[in-house]
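Here are the chains, one letter per residue:
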Amino acid sequence: MSDEGGDNAGIEANGPNALCFTCGGLKKISEPRLYMIQATEDMQAGMTMAEWRTCPQCAGKGYLRGIEPPA
């Protein structure tokens, strides 16, 4: 492994870590939003689109420090 640092530097040195069970290690979760779009001139339709936001459980790290079972 290289010693370039970064967000995940020293994960092994911190002891046992658990994969974040909220985001599954992806560091972000999907937040659905409802948008109103105009499909034609006569009709408007609702459409659900997803936006990504940082996982609140792991604060965007992708892992939880220590071994924490999902509650």
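Provided above is the structure to which this section pertains.
Residues numbered from 1 in each chain as written. Predicted model: local features only at pLDDT ≥ 70, side-chain atom pairs only at ≥ 80, totals over all residues. Heavy atoms only, no water.

## A look at the pattern of salt bridges
Pairing between side chains of opposite charge can happen when their charged atoms approach one another. The condition is simple: Salt bridge, as used here, is a side-chain nitrogen of Lys or Arg placed within 4 Å of a carboxyl oxygen of Asp or Glu. Strands are runs of DSSP state E lasting at least 2 residues, helices are runs of H or I lasting at least 4, and numbering of each runs from the N terminus. Exposed residues in this analysis have more than 50% of their type's maximum accessible area, buried residues have under 20%, and partly exposed residues fall in between, with area computed by a 1.4 Å probe over protein chains only.
Inspection of every chain in the model, using the stated rule, returns 3 salt bridges. The closest approach of N and O atoms between Glu51 and Arg33, which form a salt bridge, is 3.7 Å. In this pair, Glu51 sits in strand β3 (residues 44-54) while Arg33 sits in strand β2 (residues 28-38), placing the two residues 18 residues apart along the sequence. The class of Arg33 is partly exposed, set by a relative accessible area of 37%.

## A few points about unusual backbone geometry
Phi at Lys27 takes a positive value of approximately 75°, unusual for a residue other than glycine. Considering the arrangement of structural elements, one finds Lys27 in the loop between β1 (17-19) and β2. Lys27 gets classed as partly exposed once you look at its relative accessible area, which sits at 29%. Although it is not a glycine, Ala59 sits at a positive phi angle of roughly 60°. Tracing the sequence through the fold places Ala59 in the loop between β3 and β4 (63-65). Judged by its relative accessible area of 59%, Ala59 is exposed.

## What to know about the environment of Tyr63
Mapped onto the fold, Tyr63 is located in strand β4. Through-space distance from the C-alpha of Tyr63 to that of Gly25 is 6.2 Å; in sequence the pair is 38 residues apart.

Nothing here speaks to function; it is all geometry.
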